[in-house]
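Examination of the molecular architecture
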Amino acid sequence: MALIYFGDNGQRQELHSCPWQTNLENRQEIADYLIRRLQEKNYSADTWFTAQNLVGENQVDWENTEPLNAITTYYPDRNTQKTILGKILKRALFDLNETYEIRYEFKTLYRKIE
């Protein structure tokens with residue numbers, strides 16, 4: 001499917017491709033984990049969420065959670081960890097048969113569009 005995001009000009013733009021933006025060996029395993037968490041949370045359409053809403057704000061918890069601990073091991077910087085998590089979520093959403101919208105603010109926000 002496609003992701004729709006708000007560009008710098010405030011216009012919606014559709015992403016037609018979404019390459020992996022990390023070299024983590026278990027990136028697909030992390031993506032699958034994020035999709036399972038998304039299904040568990042069961043956000044209704046038009047409800048904004050972040051990658052951290054799916055897994056928690058505390059990176060210490062990530063260290064104790066397979067497969068997220070690969071992010072904290074490979075990327076020691078806290079901000080980089082959050083960025084990588086978001087990039088993996090973006091790629092995971094792209095592979096779903098649903099349309100999601102992305103909005104960049106202080107954090108990257110996602111929501112399902114029906």
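The shown structure was predicted, so the numbers you read here are calculated from the model rather than taken from an experiment.

Re unusual backbone geometry
Note the cis peptide between Glu66 and Pro67, where omega equals 5°. Mapped onto the elements, Pro67 comes out in the loop between helix H3 (59-63) and helix H4 (69-74). One non-glycine residue, Asn42, lies in positive phi territory at about 55°. As for its position among the elements, Asn42 is in the loop between helix H1 (27-41) and helix H2 (51-55).

Structural notes on the packing of H1 against helix H5 (residues 78-94)
Here H1 crosses H5 at 75°, and the two axes come no closer than 9 Å. Accordingly, the angle class assigned to the pair H1 and H5 is roughly perpendicular. Side by side, H1 and H5 meet where Arg27, Ile30, Ala31, Leu34, Ile35 and Leu38 of the first sit next to Leu85, Ile88, Leu89, Ala92 and Leu93 of the second. Among the residues forming the contact of H1 with H5, the class breakdown is ten nonpolar, no polar and one charged.

Thresholds, definitions, all that
Residues numbered from 1 in each chain as written. Predicted model: local features only at pLDDT ≥ 70, side-chain atom pairs only at ≥ 80, totals over all residues. Heavy atoms only, no water. Helix = DSSP H or I, 4+ residues; strand = E, 2+ residues; numbered from the N terminus. Axes fitted to C-alpha atoms, helices over the stretch in contact; angles between N-to-C directions. Parallel < 35°, antiparallel > 145°, perpendicular 65-115°, else oblique. Contact = heavy atoms within 4.5 Å. Nonpolar A, V, L, I, M, F, W, Y, C, P; charged D, E, K, R; others polar.

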